[in-house]
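Next come the chains, spelled out residue by residue.
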Amino acid sequence: MYLNSKREDFFKSFQISCEGATSVTTFVVFLCDKIAPALRQAVYERTAKAITEDMQGKFPDFQGSRANLEVCILRYLAEEENFEYFKDDYIEKQVQSYCLDGNRRLEKFLDFSLDFLYRNILSAVSSSTQIVKDRIDREDKISLWLDEFCRELTEAMNLPRSDLKGIEHQEVTDIEFLRSAMAEPLAALRDNLRKEFADADMSSFPKQPHTILAEHFSGCWAQCPLCGAVCTNTMQEHDGKHQLVFHRPQALVGRRWYGSDDLAIDSCSSLVASNYTIYVGGKWYGLRTYWEAGPPYSTWNILPDSSMQAYWKWFVCRFRTELEALYSGKFQGKGKIPESWQRSNQELLLPLASLLCKSL
Ligand SMILES: [Zn+2]
Ligand SMILES: [Zn+2]
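Right, let's walk through the structure included here.

Thresholds applied
Residues numbered from 1 in each chain as written. Chains lettered and ligands numbered in written order. Predicted model: local features only at pLDDT ≥ 70, side-chain atom pairs only at ≥ 80, totals over all residues. Pairing = 2+ DSSP bridges. Helix = DSSP H or I, 4+ residues; strand = E, 2+ residues; numbered from the N terminus. Core = buried A, V, L, I, M, F, W, Y, C linked by C-beta atoms within 7 Å. Buried ≥ 20, exposed ≤ 12 C-beta atoms within 10 Å, placed from the backbone. Contact = placed C-beta atoms within 7 Å. Axes fitted to C-alpha atoms, helices over the stretch in contact; angles between N-to-C directions. Parallel < 35°, antiparallel > 145°, perpendicular 65-115°, else oblique. Nonpolar A, V, L, I, M, F, W, Y, C, P; charged D, E, K, R; others polar. Arc of directions from axis to C-beta. Left-handed = near helix turned anticlockwise from the far one by under 90°.

Right, let's talk about the pairing of strand β2 (residues 283-286) for a bit. The pairing of strand β1 (residues 277-280) with β2 spans 4 bridges and is antiparallel. Note that in β2 the partner of Ile 278 across the bridge is Tyr 285.

A separate point is the nonpolar core. In terms of nonpolar packing, the biggest core is built from 43 residues, with Val 43, Leu 110, Leu 117 and Ile 121 touching the most fellow members. Secondary structure elements with two or more residues in this core: α1 (2-58), α4 (90-100), α5 (105-133), α6 (141-153), α7 (175-197) and α8 (209-215). Examining the composition of this core, we find that 12 residues originate from one element, α1, more than from any other. If sequence neighbours within four positions are ignored, Ile 121 has contacts with Ile 35, Leu 153 and Leu 186.

It is the contact of α5 with α7, at a shortest axis distance of 11 Å, that shows an interaxial angle of 170°. Taken together, the axis directions place α5 and α7 in an arrangement best described as roughly antiparallel. Contact residues: Glu 107, Leu 110, Asp 111, Leu 114, Tyr 118, Ile 121, Leu 122, Val 125, Ser 126, Thr 129, Val 132 and Lys 133 in α5; Ile 175, Glu 176, Leu 178, Arg 179, Met 182, Leu 186, Arg 190, Leu 193, Arg 194 and Phe 197 in α7. The class makeup of the residues in the contact of α5 with α7 is 13 nonpolar, 2 polar and 7 charged.

With that settled, consider unusual backbone geometry. Comment: phi is negative for the bulk of residues other than glycine, and the bulk of peptide bonds are trans. Here the bond from Pro 295 into Pro 296 is cis, since omega is 5°, no more than 30 degrees from zero. As for its position among the elements, Pro 296 is in the loop between β2 and β3 (308-309). Backbone geometry places Glu 81, a non-glycine residue, at a positive phi of 45°. Its location among the elements puts Glu 81 in the loop between α2 (66-80) and α3 (83-87).

Taken residue by residue, α4 has Ile 91, Gln 94, Val 95 and Cys 99 as its buried positions. Each buried residue of α4 sits inside an arc of 120° when the element is viewed along its axis, so together they form one side.

This part covers the packing of α5 against α6. One way to put it is that α5 packs onto α6 with a least axis distance of 9 Å and a crossing angle of 140°. Comparing the axis directions of α5 and α6 gives the class oblique. The hand of the α5/α6 crossing is right-handed. Only Lys 141, Leu 144, Trp 145, Glu 148, Phe 149, Glu 152 and Leu 153 of α6 make contact with α5, whose side of the interface consists of Asn 120, Ile 121, Ala 124, Val 125, Ser 127, Ser 128, Ile 131 and Val 132.

What follows is the structure in structure tokens.
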């Protein structure tokens, strides 16, 4: 009789501990499956910010105003004399070479963010265990544990408590055991991510670091619909129309004279004083009243001005072949480069600042 009852007890506790273990395993697997994508995303978000802050501290180009940045970009194009850079986004290019050069900074940034977040998760596991294990008054220990866990991680990553409803009623009585059961799968999660980061490129960021960097340059980023130059207003959603002082040869955005291969070397500011017309949406509009073509034309105030920056004269001469190839056009006929522009080549010998000054 005595033996029998003992055996029953034994079986009972064996059953419970087996159920307990299965229950903990189910819980841990479910939870880690939810943590994995949240951790990965948090690492990339954190890294994008870290790269941005690091570059703002180290690159003078990213410390001044946007006008200053534009000068830096033009100077870079002239210094490198490499047409490929004209086609690429300057900020993106700088971020890429900073992150992916021989120093493998991207991997280091990612590992650093991962370590930080991993420590956050471990400490959230510890503190929720600590808080919950003594709450003998509570039946729903697991639900309480999850509340604490998610609350602890709110700042670090996006792990909504509502996503964990599926496991909140798990029968886990041994909360301390839960803590130790989490350790191994979490370490495996970290190691997998580390391996992935060894071959990381810039494609996995939910928001690209260069986009974040660009956003720090306040001001309007609208581009002239005729030449592609950027509005110089320092307010993002400014009143009135977009405006800028130096328009550029329209060939820079590949505009050609209608019905020919001739690239348009004139700037929009000189054309708006001419009798030429523009073909928009199946209709012709006089350039003197370009705004009649509707948005985006109507959102711009292009002041007539016949001057052109020496920089762009030099640029068109220097990269003539490349521009012709890029836009399948020719600097011929109406797009013939004036003799006087060729002389701008020599101005490259002058300090670059003077290239950016207005010259007739
Ligand atoms: Zn323009
Ligand atoms: Zn604007």
